[in-house]
Amino acid sequence: RFASSVIANTASSVEIFPNPSNGIFTIQTDDDLIYNVTVYNLLGEKVQVLDKGVKAKGIYNYAFSAKKLNYSAGIYLLRLTVNGKISTLKLVEQ
C-alpha cells in the first residue's frame, strides 16, 4: 500500500486525459514501454487491474467505472510502470 498523500510521477512523460473522467480515459506516453496499469483507492486498496500487458509508446484508452464496482465517484490513484519506473497519478472519476 502507499500513502494517499504521496503521488509520485517518476516516468518522464505520461499524461492522463480527460481528467476528471466519466469512465473512459486515455494514457499517453512518449516512453518506450508501459505496463501494469492498476487503479487504487485512497486507502491504498487495489480496485481494478486495467492492463498487465507490455505496450510500445503511444496512446491507449481504458475504461474504469468506480460505480460499476460499487465504489463512489471521486479520486483514485492510477499506478503504472513505464520503462521500469513506477508512477502514481491522480485519476478523478465524476
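Shown above is the structure to which this text applies.
Since the structure is predicted, the reported quantities are computational estimates derived from the model, not experimental observations.

Chemist: Help me get a handle on the sheet that holds strand E5 (residues 58-63), residues and values and all.
Modeler: Read from one edge of the open sheet, three strands run E1-E2-E5, paired in antiparallel fashion. Unpaired on one side and paired on the other, strand E1 (14-17) and E5 mark the two borders of the sheet. The sheet shows a mean angle of 20° between the axes of neighbouring strands, taken without regard to direction.

Chemist: Mind laying out the packing of aromatic side chains, listing which residues take part and the relevant values?
Modeler: Evaluated as defined, the whole model comprises three aromatic pairs. Ring geometry for Phe64 against Tyr76: centres 5.3 Å apart, planes inclined by 70°, an arrangement best described as edge-to-face. Placement of Phe64 in the loop between E5 and strand E6 (74-82) and of Tyr76 in strand E6 is noted, with a sequence separation of 12 residues between them. Accessibility classification places Phe64 together with Tyr76 in one group, the buried group.

Chemist: So, unusual backbone geometry: which residues are in play, and what are the values?
Modeler: In this structure, Pro18 follows Phe17 across a cis peptide bond, with omega equal to -15°. Cis geometry is found at the peptide bond from Asn19 to Pro20, where omega equals 20°. Along the chain, Pro20 falls in the loop between E1 and strand E2 (24-29). Its identity as a non-glycine residue notwithstanding, Asn70 has a phi of 65°, on the positive side. Relative to the assigned elements, Asn70 resides in the loop between E5 and E6. Asn70 sits in the exposed class, given a relative accessible area of 74%.

Parameters at a glance
- Residues numbered from 1 in each chain as written.
- Predicted model: local features only at pLDDT ≥ 70, side-chain atom pairs only at ≥ 80, totals over all residues.
- Heavy atoms only, no water.
- Pairing = 2+ DSSP bridges.
- Helix = DSSP H or I, 4+ residues; strand = E, 2+ residues; numbered from the N terminus.
- Axes fitted to C-alpha atoms, helices over the stretch in contact; angles between N-to-C directions.
- Phe/Tyr/Trp six-rings, centres within 6.5 Å; stacked < 30°, edge-to-face > 60°.
- Buried < 20%, exposed > 50% of the residue type's maximum accessible area, 1.4 Å probe, protein only.

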